[in-house]
Amino acid sequence: MSEQSTDLRETVRQRYAAAAVKVTEGGVACCGPQRVEADENFGSTRYSADERDALPAEAVAASLGCGNPTAVAELREGERVLDLGSGGGIDVLLSARRVGPTGTVYGVDMTDEMLALALANAEKAGATNVEFLKGTIEAIPLPANTIDVVISNCVINLSVDKPAVFAETFRVLKPGGRIGVSDVVADDTLGPEQRAERGDHVGCIAGALPFAEYRRGLEAAGFTDVEITPTHPVAGGMHSAIVRAVKPAGAPETDGPAAAAVCCGVTSCCTPDEQATDPPTTVAEAKTASGCGCQD
């Protein structure tokens, strides 16, 4: 990774860490959590009142997305769902309600402060079918061919290596699996400099891909049935959009560096076959000791 990309990733991490801290500190005030800054195009306003009311106030306050992927992903009972860049956990918790007790929802985030907030929110919500993992969306800490649906809310545009995100998303999905993502997408007529004029990278603008490039990236990773539908403007020539795509049912089972890797001190992490790499240690002890945020 280039020095510029490393710096951008660290800037993103710091911004979201600060947002989590703000919500956490507000949570101990007399009037409840303080909502992070967002205009009408981003944040909890993208969710219905019923959805917001069903969740811990801290999960709602930490919402920084540009859409509501759980409303478009058509989640079904018993499915295994992955949220890329899960933040304070709002989409994980909403998805957990949709897939029910026989389903599982994983959230991946690289920010310790957001993971801590998400775990606290899951406990408050009484969600027992969720797990949060520390990692990046360019190297997802889950085995290949294990996920039914991947969702994400205005996070892919923040990545400094979007082809890796698309490839990793394809890898972890089962053949026949699908994505239902909300993201910021730019008109094809806007170049990088024009996008940067409309907003910075950490503000979900400068790093957004044009429609055609987004489609090509997904197709290059192997996805079919790609649909990118704009929903509302977020800046001149920039749109929040719903992105759908499918991993073909006949696709060969994929593998990759993360598929056989050790995650959170266990092998086959977050699957029925998971075992601690240190035999005397239980799976729960290994996950806790690893400090990566992966929880039962």
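Residues numbered from 1 in each chain as written. Predicted model: local features only at pLDDT ≥ 70, side-chain atom pairs only at ≥ 80, totals over all residues. Heavy atoms only, no water.

Regarding the packing of aromatic side chains
Considering all chains together, one arrives at 2 aromatic pairs under this definition. Summarising the aromatic geometry, the rings of F166 and Y214 are spaced 5.4 Å apart at their centres and angled 45 degrees between planes, so their arrangement reads as tilted. Note that F166 is positioned in helix α6 (residues 162-172) and Y214 in helix α8 (residues 211-221), a separation of 48 residues in sequence. Classification of Y214 by relative accessible area gives buried; the value is 1%. On the basis of an interplanar angle of 90 degrees and a centroid distance of 5.2 Å, the ring pair of F170 and F223 is categorised as edge-to-face. With F170 in helix α6 and F223 in the loop between α8 and β7 (224-235), this residue pair connects regions lying 53 residues apart in the sequence. F223 carries the same exposure label as F170, and that label is buried. (Phe/Tyr/Trp six-rings, centres within 6.5 Å; stacked < 30°, edge-to-face > 60°. Helix = DSSP H or I, 4+ residues; strand = E, 2+ residues; numbered from the N terminus. Buried < 20%, exposed > 50% of the residue type's maximum accessible area, 1.4 Å probe, protein only.)

Comments concerning α8
Considered for burial, the residues of α8 that qualify are F211, Y214, G217, L218 and A221. Take α8 and look down its axis: the buried residues cluster within an arc of 130 degrees, on one side only. Exposed residues lying more than 90 degrees from the buried face of α8 are R216 and A220. Of the surrounding elements, those touching the buried residues of α8 are α6, β5 (173-186), β6 (209-210), β7 and β8 (238-246). Where α8 terminates, the next one or two residues include G222, which has phi positive at roughly 115 degrees. (Arc of directions from axis to C-beta. Contact = heavy atoms within 4.5 Å.)

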